[in-house]
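# Topology and contacts: notes
Here is how the chains run, residue by residue.
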Amino acid sequence: MTGKAILFGEHAVVYGVPAIAIPIDRHLSVEVIGSGHGPELAADCWKVAVRLDVEQPDARALQQAFGLALDLTPRCPHRIIARVDSEIPRSAGLGSSAALSVALVRALAGYAGESLAPDEELSRAAEIEKIFHANPSGIDHSVVAIGRPIVFRKQGGAEAGVDLGRIFKLVIATAGSHGGTAARVQALARRRQSMAELYQNAFAAIGQVVERALLALKKGDAAEVGALMDFNQGLLNALGVSSPELERGLGVAREAGALGAKLSGAGGGGAFLALCDDDPQPVLRALRGAGFEPFVTTLAPDGQGKALIEEIGQAARR
Ligand code: MEV
């Protein structure tokens, strides 16, 4: 199960604008094994283990998520340990909670011998995501479950796969923690109240960026995709969701030759993406030199995204 990044359209997606999300090359897995006691969720990677029969104020969200995942899988025995192994940084906008939600749903259902239709898997993961995010658009757990680049709209879910005319190489890094997606989404909602029309126009412009980006991705026009990332970042700045540390990272990446760069996810810190020409090394080196810990994610044309989304659509219609 991979983490995720939002390539275009975060925040505006909460207000009905389509967005583009991609899986990233950082993974999370959940393995369920039988145990003498339980249930227990053991996440050594996050230095936390939760049980359901003790108060754990520091890990309340994880406890609630685990409890709900078990409630949603009534046939799953309770004498179990669910082991989480993750290389996705937490609270960084890279989809660790979405990946955990989907992986837990899958692993518990698998252990219970249940075979889940894709839409049932998505709706269970959506319930769990609400514990972490309050009012998520659904883009995060959808892309994680589908595992391929998607166009997503809040009302319609994953609408289509993304056509890629060439390989795109992205460098991803984080600028600290984003301090919680729910808090960022709620703060933006408050700012929007006093400037409703301006925010509406910014969301509409982001929608146009997404439409153009889909064409540029399909054409394989990396220069245009990069320019659109910069444009989207300008609009995210206008919405007030960037941060000085994010801007520093974006500046370093652009100086080192990135074709474009933007924050990804809730903002205020957390992840950012830089699109590279064929060789990502100069951007990687520059970001490392500036104290970031970047990694590369490659988007390759595979033609399977559309087929998968069609399958999910059919499952939803059954
Ligand atoms: C978070 O990855 C993306 C946001 O648009 C929130 C959401 O869509 O739920 C900021």
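These numbers come from a predicted model, not from an experiment.

Let us now look at the pairing of strand β9 (residues 260-263). Because side chains alternate across β9, one face comprises the buried residues Gly-260 and Lys-262, and the other comprises Ala-261 and Leu-263, equally buried. Bridge count between β9 and strand β10 (residues 270-276): four bridges; the pairing is antiparallel. Directly across from Ala-261, in β10, lies its bridge partner Ala-274. Counting the residues between successive antiparallel strands, the hairpin from β9 to β10 contains six residues, one of them, Gly-265, with a positive phi of roughly 105°.

Helix α2 (residues 96-111) packs onto helix α1 (residues 60-71) with a crossing angle of 35° between their chain directions and a minimal axis gap of 10 Å. For the crossing formed where α1 meets α2, the hand is right-handed. Across from Leu-62, Ala-65, Phe-66, Ala-69 and Leu-70 in α1, the residues of α2 making contact are Leu-100, Leu-104 and Leu-108. When its residues are assigned to classes, the contact of α1 with α2 shows eight nonpolar, no polar and no charged.

Quick look at the domain arrangement of the chain now. Assigned domains of the chain: these are domain 1 (2-153) and domain 2 (162-317). Taking the mean C-alpha position of each, domain 1 and domain 2 sit 22 Å from one another. At the junction of the two partners, domain 1 supplies 34 residues and domain 2 supplies 50 residues. When the two sides are added together, the surface that domain 1 and domain 2 hide from each other amounts to roughly 3500 Å², 73% of it contributed by carbon and sulfur. Among the residues domain 1 hides against domain 2, the three largest losses belong to Phe-8, His-11 and Tyr-15. Together they make up 22% of the total. Taken together, the links from domain 1 to domain 2 amount to one salt bridge. Between Lys-262 and Glu-10 there is a salt bridge whose closest N-O contact spans 2.9 Å. Summed over the shared surface of domain 1 and domain 2, the number is 13 residue pairs in polar contact (both at pLDDT 80 or more).

Bringing the pattern of salt bridges into the picture now. Counted under the stated rule, the structure contains 14 salt bridges. Between Arg-124 and Glu-120 there is a salt bridge whose closest N-O contact spans 2.7 Å. Residue Arg-124 and its partner Glu-120 are located together in helix α3 (residues 118-133), separated by four residues, close to a single helical turn. Residue classification places Glu-120 among the partly exposed positions, given a relative accessible area of 33%. The residue Asp-278 makes a salt bridge to Arg-166 at a minimum N-O spacing of 3.5 Å. Of this pair, Asp-278 sits in the loop between β10 and α9 (281-289) while Arg-166 sits in the loop between β7 (157-161) and β8 (168-175); the two residues are 112 residues apart in sequence, bridging distant segments of the chain. By relative accessible area, Arg-166 is classed as partly exposed at 23%.

Cut-offs used in this document
- Residues numbered from 1 in each chain as written.
- Predicted model: local features only at pLDDT ≥ 70, side-chain atom pairs only at ≥ 80, totals over all residues.
- Heavy atoms only, no water.
- Buried < 20%, exposed > 50% of the residue type's maximum accessible area, 1.4 Å probe, protein only.
- Helix = DSSP H or I, 4+ residues; strand = E, 2+ residues; numbered from the N terminus.
- Pairing = 2+ DSSP bridges.
- Axes fitted to C-alpha atoms, helices over the stretch in contact; angles between N-to-C directions.
- Left-handed = near helix turned anticlockwise from the far one by under 90°.
- Contact = heavy atoms within 4.5 Å.
- Nonpolar A, V, L, I, M, F, W, Y, C, P; charged D, E, K, R; others polar.
- Domains from an automatic or database assignment.
- Buried area = accessible area lost by both parts, 1.4 Å probe.
- Salt bridge = Lys/Arg side-chain N within 4 Å of Asp/Glu carboxyl O.
- Polar contact = N/O pair within 3.5 Å; in protein donor to acceptor, adjacent residues only side chain to side chain.

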